[in-house]
Amino acid sequence: MRIRIFATPAAAARGLAAEVVGAIAANPRLVLGLATGRTPVPFYRQLVARCRAVDLDCSSITTFNLDEFLGIGADDRRSYRVFMERHLFDHVDVSSRRIHFLNGLSRDIEAECRRYERAIRRAGGIDLQILGLGANGHIGFNEPGASLIARTHRVRLRPATRRANAGIFDGRATAVPREALSMGMATILHTRRIVLLATGASKARCVAQAVEGPLTTRVPASLLQLHGNAEIWLDRAAARSLSRLPAAP
Ligand code: F6R
């Protein structure tokens, strides 16, 4: 995995926004995989600002979000879909029919997961996947465990993950759904390029395990070492447990 270290979270967000704007300019039909969570919020803010500044045409890009809570509908203010609308889609001209989410209210979960995999295939696969990193090593909602599931599937969220998402649910971890739908490890590993963004000291231990530790399902992000074109973009705090530091850009 290639590592880039930025002085601050804001610098990493600016760098990633510039990278994504460049990728869209180079390929207006880019297929972009997107993450939610606290980490990418400054990145989305920068992305919106840059898209506006250069009047970038985003109407032909396609997006796929990594995950969604089970039992939460697209219109629910606590859904990841509404999160993405608030932070990105309300502000850039991505065509609504090219925006893809898992449906947390689907009655047939298996069919919903198959539909998502099919939609990704039909779009030609994901060109650039943005990832965050759970403090327990999860990516998407692929939680640490004795085994991992390859394709889009239903997941049981760990208590720590529910606590981390409490903010969306009025601060109540118990209100966070116990389950979610998530792209699987193979879905993620089959994307053409990955940029994982992790900032803050709370991610440092896990970053070091993912980058320098052995491949293990106990740290799902460690499997990114198998990807030929994966990068991990960090601020200094998130990089502080790495034993070998690349030079800062
Ligand atoms: C959410 C997702 C998760 C988050 C992770 C980190 O779509 O993919 O893997 O990236 O839970 O969340 P934050 O950024 O809130 O620490």
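Rules used in this analysis
Residues numbered from 1 in each chain as written. Predicted model: local features only at pLDDT ≥ 70, side-chain atom pairs only at ≥ 80, totals over all residues. Heavy atoms only, no water. Salt bridge = Lys/Arg side-chain N within 4 Å of Asp/Glu carboxyl O. Helix = DSSP H or I, 4+ residues; strand = E, 2+ residues; numbered from the N terminus. Buried < 20%, exposed > 50% of the residue type's maximum accessible area, 1.4 Å probe, protein only. Near = heavy atom within 4 Å. Polar contact = N/O pair within 3.5 Å; in protein donor to acceptor, adjacent residues only side chain to side chain. Areas by Shrake-Rupley, 256 points an atom, 1.4 Å probe, with all protein chains shown as cover. Nonpolar A, V, L, I, M, F, W, Y, C, P; charged D, E, K, R; others polar. Pairing = 2+ DSSP bridges. Contact = heavy atoms within 4.5 Å. Axes fitted to C-alpha atoms, helices over the stretch in contact; angles between N-to-C directions.

Description of the pattern of salt bridges
Here's step 1: Under the defined criterion, the tally for this structure stands at 10 salt bridges.
Here's step 2: We note a salt bridge from R2 to E231, for which the minimum N-O separation is 3.2 Å. Here R2, found in strand 1 (residues 2–6), pairs with E231, found in strand 10 (residues 230–235); they are 229 residues apart in sequence, far enough to count as distant.
Here's step 3: Residue classification places E231 among the buried positions, given a relative accessible area of 8%.
Here's step 4: The salt bridge involving E19 is made with R193; its shortest N-O contact spans 2.7 Å. Taken together, the positions of E19 in helix 1 (residues 9–26) and R193 in strand 9 (residues 193–198) put the pair 174 residues apart, joining distant regions of the chain.

A word on the site of the ligand
Here's step 1: Around the ligand, a shell composed of 13 residues is seen, among which T39, D67, H138, G140 and K203 lie nearest.
Here's step 2: At 2.7 Å from an oxygen atom of the ligand is found a main-chain nitrogen or oxygen belonging to G140.
Here's step 3: A distance of 2.7 Å separates an oxygen atom of the ligand from a polar atom in the side chain of K203.
Here's step 4: Look at the ligand: alone it shows 410 Å² of surface, and the protein chains cover 92% of it.
Here's step 5: For the shell around the ligand, the residue count by class is 3 nonpolar, 7 polar and 3 charged.

Structural notes on the sheet that holds strand 1
Here's step 1: Within the open sheet, the 7 strands sit side by side as 1-10-9-6-2-3-5. Their pairing is parallel. Two strands in the sheet have a free side with no partner beyond their single neighbour: strand 1 and strand 5 (99–100).
Here's step 2: Where strand 6 (residues 128–131) lies against strand 9, 4 bridges are found, and the strand directions are parallel. Each bridged residue has a counterpart across the sheet, and for I130 the counterpart in strand 9 is V195.
Here's step 3: Here helix 4 (residues 109–122) sits on the sheet and contacts strand 3 (62–65) and strand 5; the angle it forms with strand 3, its principal contact strand, is near 150 degrees.

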